[in-house]
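A structural walkthrough
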Amino acid sequence: MIQIPLTSATDGMTGIPLPYLLHSDPMVTCIMFLCMLLVSVVFAHGKKHFLQGLKNYVHGRERGSMFDEVTASDVRHTIVLVFHTCLMLAFGVYRYLAQSAPALFEQYSHLGILAGLTAIFILFLLFKWAAYSLVNSLFFQKVRNELWITSFVNLFIWLGIVLLPLLLVIVYFDISSHIATFLLAFPLVLGKICLFCKCFSNFFEKIYGAFHFILYFCALEVFPDLILWKGMELISNNLIFKF
């Protein structure tokens, strides 16, 4: 007697898993919405302070009295927007890793990856603040050091505000990788150019200090960024190969 093997009605071909898409991740949607809400609330209460900071940056005011007008609420709003910029930078790297290292998202929590990237940018920002404060206190006047730190923070805050709508367009309109890279790289490069000009006008007013300025800017601004990028690539590769 020949027996015919019975097959289950649920048997079939194994499906191909869909690639990870940011706009289909509820975590990404929630955080983006919270970021928009956070920026809206902060600007509703502290718009005057940040617009004044932008004007001071553009006009290059050197008066020390500008720091006396900062209130406790302004400091809280500044800390919130600095954290927001770190989160936006982390989102940019998060999207890059989602495209270039999808295995990382199969092995680790998406929220954990984003939190880790945000923590890296916060620690890196604190390192830069400490390095600038130490070096500038040795070679430059206190007023110019305070003006530089304030200008750096203002530019960092506005960088995060510019990156927010760009990331929204990239995530929810499924922009190609090449266009997304250009959209994210443009404000970053423009920010470096603004820092370059501001640093020269603040610390090296004479043309004969150009050589010292290039050494200063490369040592405290360019090289740390390159080390940060290569370090994050090394960490992501090690996390993938670890498992």
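Below is a summary of the structure that appears in this document. This one's a predicted model, so the numbers in the text were calculated from it and none came from an experiment.

The helix and strand tally for the protein stands at seven helices and zero strands. Start at the N end of the protein and walk to the C end: the helices and strands fall as α-α-α-α-α-α-α. Residue pairs at least 24 apart in sequence account for 78% of intrachain contacts in the protein once pairs closer than 6 positions are excluded. Surface exposure of the protein reaches about 15,300 Å², of which carbon and sulfur atoms provide 72%.

When two helices pack together, their arrangement is given by the angle between their axes and by how far apart the axes lie. Where helix α2 (residues 72–100) contacts helix α4 (residues 110–139), the axes come no closer than 8 Å and their chain directions differ by 125°. With respect to their mutual orientation, α2 and α4 come out oblique. Handedness of the crossing formed by α2 with α4: right-handed. Packed against α2, whose contacting residues are Val82, Phe83, Cys86, Leu87, Leu89, Ala90, Phe91, Val93, Tyr94 and Leu97, the element α4 presents His110, Ile113, Leu114, Leu117, Thr118, Phe121, Ile122 and Leu125 at the interface. Broken down by class, the residue content of the contact of α2 with α4 amounts to 16 nonpolar, two polar and no charged.

What follows is about the packing of aromatic side chains. This model, assessed by the stated rule, comprises seven aromatic pairs. Considering the side-chain rings of Phe43 and Trp158, the 5.7 Å spacing of their centres and the 75° angle between planes classify their relative orientation as edge-to-face. Here Phe43, found in helix α1 (residues 26–59), pairs with Trp158, found in helix α5 (residues 142–172); they are 115 residues apart in sequence, far enough to count as distant. Through pairs of rings, three or more aromatic residues link up here, namely Tyr132, Phe152 and Phe156.

Here the focus is a nonpolar patch on the surface. Among the surface-exposed residues, Phe33, Leu34, Met36, Leu37 and Val41 lie close enough to one another that they form a single nonpolar patch of about 460 Å² accessible area. Here Met36 is to be found in helix α1. According to the relative accessible area criterion, Met36 is partly exposed, its value standing at 35%.

Let us look at the layout of surface pockets. When its volume is computed, the largest pocket comes out at roughly 1,300 Å³. Around the largest pocket, the lining comprises 48 residues; the ones closest to its centre are Leu89, Leu159, Leu184, Leu188 and Val189. Those elements that place two or more of their residues in the lining of the largest pocket are α1, α2, α4, α5, α6 (177–203) and α7 (210–242). Counting residues per element, the lining of the largest pocket draws most heavily on α6, which supplies 16 residues. Among the residues forming the lining of the largest pocket, the class breakdown is 35 nonpolar, eight polar and five charged.

This part covers the nonpolar core. If you look at the biggest cluster of nonpolar residues, it comprises 57 residues, and the most contacted ones within it are Phe91 and Tyr94. The set of elements that each furnish at least two residues to this core consists of α1, α2, α3 (102–107), α4, α5, α6 and α7. For this core, the leading source of residues is α5, giving 14 residues. Not counting the four nearest positions on each side in its chain, Phe91 is found in contact with Val28, Ile31, Met32, Leu114 and Leu167.

Attention now goes to the side chain of Arg95. Take Arg95: it is sitting in helix α2. Note on Arg95: relative accessible area 11%, which makes it buried. Looking at Arg95, its side chain comes within polar contact range of the main-chain oxygen of Ile175, at 3.1 Å. Ignoring sequence-local partners within four residues, the contact set of Arg95 consists of Leu22, Ile170, Ile175, Ser176, Ser177 and Ala180.

Contact geometry for α4 and α5: axes closest at 10 Å, N-to-C directions at 160°. The angle between α4 and α5 places the two elements in the roughly antiparallel class. In this structure, α4 meets α5 at a crossing whose hand is right-handed. Each of Leu125, Lys128, Trp129, Tyr132, Ser133, Asn136 and Ser137 in α4 lies in contact with α5, whose residues at this interface are Asn145, Trp148, Ile149, Phe152 and Phe156.

Calculation notes
Sequence order as written defines residue numbering, which begins from 1 separately in each chain. With pLDDT at 70 or above as the cut-off, local features in this predicted model cover only qualifying residues; side-chain atom pairs require 80 or more to be listed or tallied, and sums for whole chains, interfaces and linings still use all residues. With hydrogens and water excluded, all non-hydrogen atoms of the structure serve as input to the side-chain values. Every helix listed is a DSSP run of H or I at least four residues long, and every strand listed is a run of E at least two residues long, numbered separately from the N terminus. Any two residues having at least one pair of non-hydrogen atoms within 4.5 Å are treated as being in contact. Calculation of accessible area relied on Shrake-Rupley with a 1.4 Å probe; when residues are assessed, cover is drawn exclusively from the protein chains displayed. Whenever a helix is involved, its axis is fitted only over the stretch in contact; in every case the axis is a line through C-alpha atoms, and angles between N-to-C directions fall within 0 to 180 degrees. We call two directions roughly parallel when the angle between them is under 35 degrees, roughly antiparallel when it is over 145, roughly perpendicular when it lies between 65 and 115, and oblique otherwise. Each crossing gets its hand from how the near helix is turned against the far one by less than a right angle, where anticlockwise is left-handed and clockwise is right-handed. Under the scheme applied, nonpolar residues are Ala, Val, Leu, Ile, Met, Phe, Trp, Tyr, Cys and Pro; charged residues are Asp, Glu, Lys and Arg; polar residues are all the others, including Gly. Ring pairs shown here join Phe, Tyr and Trp side chains whose ring centres sit within 6.5 Å, with only the six-membered ring taken for Trp; geometry is labelled stacked below 30 degrees between planes, edge-to-face above 60, and tilted in between. Patch construction takes residues with relative accessible area above 30% that form no salt bridge. Like charges are linked within 9 Å, and nonpolar side chains (Val, Leu, Ile, Met, Phe, Trp, Tyr) are linked within 5 Å. Any carboxyl oxygen of Asp or Glu that lies within 4 Å of a side-chain nitrogen of Lys or Arg is treated as forming a salt bridge with it. Only protein chains enter the accessibility calculation, which uses a 1.4 Å probe; a residue is then buried when its area is under 20% of its type maximum, exposed when over 50%, and partly exposed in between. Buried and open spaces are told apart on a 1 Å grid over the protein atoms alone, a cavity being a set of points where a 1.4 Å probe fits but cannot get out and a pocket being an open set with protein on both sides within 12 Å along at least five of seven lines. Residues with an atom within 4 Å of a point are the lining residues. Grid points are joined across faces, edges and corners, and a volume is the space filled by probe spheres set on the points. Throughout, nonpolar core names a set of buried Ala, Val, Leu, Ile, Met, Phe, Trp, Tyr and Cys residues whose side chains join them through atoms within 4.5 Å. Polar contact is the term for a pair of N or O atoms within 3.5 Å; when the atoms are in protein, one must be able to donate a hydrogen and the other to accept it, and sequence-neighboring residues count only if both atoms are side-chain atoms.

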